[in-house]
Amino acid sequence: MAGTGDLPLVLLVHSGVRQFREYLLSMAATHARIWLFLDTEPTWELPFLCGHTVVDLHDAGALKTAAHSVAARHTVAGVLCWNELLVEQSARLQQELGLPGSPPGAVALCRDKHGTRRALDAVGVPQARSVPVASAAKAERAAARIGFPVVVKPRGLGASVGVSRAASPAEVAAAYTAAGTVEMAGAPDFGGSVLVEEYLRGEEISIDAALLDGELTPLYIARKVCGFEPYFEEIAHSVDAADPLLDDPGLFDVLRRAHAAVGYHTGITHTELRLTAAGPKVIEINARLGGDLIPLVASFACGVDPGHWAVAIACGIALPPPARRRGCAAIRFLYPEQDCVAGGVHVDAAALPAAAVRAQALAEPGQELLLPPAGHIMSRYGYVLVTGQSADACWIEADKAAHAVRLSTA
């Protein structure tokens, strides 16, 4: 059992995939007693928990009953969730129990990419032009009005699933079909709506930030590397503790205005933006910590404890802004050269450079690895996480480390 004494009790709605969220649960459990709501009996999570409830996480009534049952026996200080598909349910629990958090409607706007666009547009926050469409023909007409190339994406999914760039009417039609047919369990149903958006030229970044009663504290900035064009597969991220963007008032003005526009005032968010020639423009706001192990990368680069921040904000507790320091870290995900079935993944620890702080297999023997657009993040067979004095130095070390993680095929 993790967490004793005077640590606050926090309800966690879903633990996430072990390879991508165990570090976060471990960190959070050093700052709170964690009571987990999960739809199956927990296994690897048990050492970090003070209790758990098995409940259908998509059944609002059952989840509400479970929360009140725990609250009747214990003093609950906050509700946590880092699962994109369950943040709305968590926001409703916060409201139901009278705990810190943003209104469920604000969280729902973040889940609805078209809703976000409308809210930002109403107050003039810079972003991509966007048109919701419900047919391939309408998608082609919208693309012609916006101007090629365009981005075609599902309205309510995440992790860049179903997102692609289209440079012609024929590509728009194919992209519309791909975006409109991809499914993700628990994702909201917007009646098949797909978005056709302006393609923003410029580097893509993400910012994880903490908000408490409208006061925004940036935690770290990640620079994203995408691959497998025309798709937007996120294949790598780097975090520099001394990133000059941390001192860019224009960037944070856009970030604050974007959060105010959707009504999000308390919680942790992961916002994606493009640094265009006309300034930073918002891609989307996610009502959770970043995925792809970005918070873990930041912990090595900046010394930030994302679990501490998540617990504190969930409990309505202010923390001092992260101290500035020098340091950089980067993560690179490893993909097969072509579709295959994994026979196994071997990490040769002796062959790893000293800069490698983590190298891990992600694929299990017998797992089918399909490259985008069929597989997306499920086509990764492993990752390497390295540290260095700069992003360039990190990428050199990541290339070395990648050779120590070997995939065999069945």
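We now turn to the structure provided with this report. No experiment lies behind these values; they were computed from the predicted model shown. Residue numbers here run from 1 along each chain, matching the order of that chain's written sequence. Given that the model is predicted, a residue must reach a pLDDT of at least 70 before its local features are reported, and side-chain atom pairs must reach 80 or more before they are shown or counted; all residues, however, enter totals for whole chains, interfaces and linings. Only hydrogens and water are set aside when side-chain values are computed; all heavy atoms of the structure are taken into account.

Looking at the overall build of the protein
Starting at the N terminus, helices and strands are each numbered in turn, a helix being any DSSP run of H or I of at least four residues and a strand any DSSP run of E of at least two. Counting secondary structure elements, the protein contains 11 helices and 19 strands. For the radius of gyration, the atom set is restricted to C-alpha positions; the globular benchmark scales as 2.2 Å times the number of residues to the power 0.38. Computed over C-alpha atoms, the radius of gyration of the protein comes to 21 Å, within 12% of the 22 Å expected from 2.2 N^0.38 for 410 residues, which places it in the range of a compact globule. Taken along its principal axes, the extent of the C-alpha atoms in the protein is 60 × 55 × 45 Å. The rule is simple: take the accessible area with a 1.4 Å probe, protein chains only, and divide by the maximum for that residue type; under 20% is buried, over 50% is exposed, in between is partly exposed. Put simply, the protein has 410 residues, and 55% of those count as buried.

A few points about helix α3 (residues 87-97)
Among the residues of α3, those classed as buried are Val87, Gln89, Ser90, Ala91, Leu93, Gln94 and Leu97. Where α3 is buried, its residues contact β1 (9-13), β2 (33-38), α2 (60-73), β4 (76-80) and α4 (104-111). Following α3 by one or two positions, Gly98 adopts a phi angle in the positive range, close to 70 degrees. Between two residues, a contact is recorded if the distance between any of their heavy atoms is within 4.5 Å.

Remarks on the pairing of β1
Taking burial as the measure, the five residues of β1 include five buried ones, the bulk of the element. A two-sided burial pattern is seen for β1, the buried positions comprising Leu9, Leu11 and Val13 on one face and Val10 and Leu12 on the other. Where β1 and β4 come together, four bridges link them in parallel fashion. Residue pairing across strands places Leu12 opposite Leu80, the latter belonging to β4. A pair of strands is considered paired only if DSSP assigns at least 2 bridges between the two.

Looking at the nonpolar core
Side-chain atoms within 4.5 Å link the members of a nonpolar core, which is a set of buried Ala, Val, Leu, Ile, Met, Phe, Trp, Tyr and Cys residues. Ranked by size, the top nonpolar core spans 50 residues in total, and within it Ile34, Leu80, Tyr220, Val239 and Trp309 carry the most contacts. Once residues lying within four places of it in the same chain are set aside, the contact partners of Val239 are Tyr220, Ile221, Ala222, Val297, Ala298, Ala301, Cys302, Gly327, Cys328 and Ala329. Ala66, Cys110, Tyr264 and Ile285 belong to the second largest nonpolar core, which has 46 residues in total.

Some words on the sheet that holds strand β17 (residues 368-369)
Consider a sheet: its strands pair through backbone hydrogen bonds, and that pairing is either parallel or antiparallel. One open sheet accounts for three strands, arranged β17-β15-β19; its pairing is antiparallel. Bordering the open sheet on either side are β17 and β19 (405-409), each of which pairs with just one other strand. As judged from the five bridges shared by strand β15 (residues 340-347) and β19, these two strands associate in the antiparallel manner. Across the sheet, residue Val347 finds its bridge partner in β19, namely Val405.

Quick look at the packing of helix α1 (residues 18-29) against helix α9 (residues 294-302)
In helix packing, the relevant descriptors are the interaxial angle and the interaxial distance, both defined with respect to the helix axes. Look at α1 against α9: their axes get within 9 Å of each other, and the N-to-C directions meet at 60 degrees. Taken together, the axis directions place α1 and α9 in an arrangement best described as oblique. Facing α1, whose interface residues are Arg21, Tyr23 and Met27, α9 presents Pro295, Leu296 and Ser299. Every axis corresponds to a line fitted to the C-alpha atoms, with the helix fit spanning only the stretch in contact, and the corresponding angles, defined between N-to-C directions, vary from 0 to 180 degrees. Oblique is the label for any angle not under 35 degrees, not over 145, and not in the 65 to 115 range, which are roughly parallel, roughly antiparallel and roughly perpendicular in turn.

Things to note about the packing of α2 against α3
Interhelical geometry of α2 versus α3 gives an angle of 45 degrees and a closest axis separation of 10 Å. Comparing their axes, α3 and α2 come out oblique. Crossing angle aside, the handedness with which α2 passes α3 is right-handed. For the pair formed by α2 and α3, the contact residues are Leu63, Lys64, Ala67, His68 and Ala71 on the first element and Gln89, Leu93, Glu96 and Leu97 on the second. Classifying every residue of the contact of α2 with α3 gives five nonpolar, two polar and two charged. The hand of a helix crossing depends on one turn: near helix anticlockwise from the far one by less than a right angle means left-handed, and clockwise means right-handed. Classification used: nonpolar for Ala, Val, Leu, Ile, Met, Phe, Trp, Tyr, Cys and Pro, charged for Asp, Glu, Lys and Arg, polar for all others including Gly.

A word on the pattern of salt bridges
Note on pairing: side chains with opposite charge can pair once their charged atoms come close. Any carboxyl oxygen of Asp or Glu within 4 Å of a side-chain nitrogen of Lys or Arg constitutes a salt bridge here. One pass over the structure, following the stated rule, counts 22 salt bridges. With its nearest N and O atoms 3.7 Å apart, the salt bridge here joins Arg129 to Glu198. Placement of Arg129 in the loop between α5 (113-122) and β5 (130-133) and of Glu198 in strand β8 (residues 194-198) is noted, with a sequence separation of 69 residues between them. A salt bridge links Arg165 to Glu229, with the nearest nitrogen and oxygen atoms 3.4 Å apart. Taken as a pair, Arg165 in strand β7 (residues 164-166) and Glu229 in the loop between β10 (215-227) and β11 (233-240) lie far apart in primary sequence, 64 residues in all.

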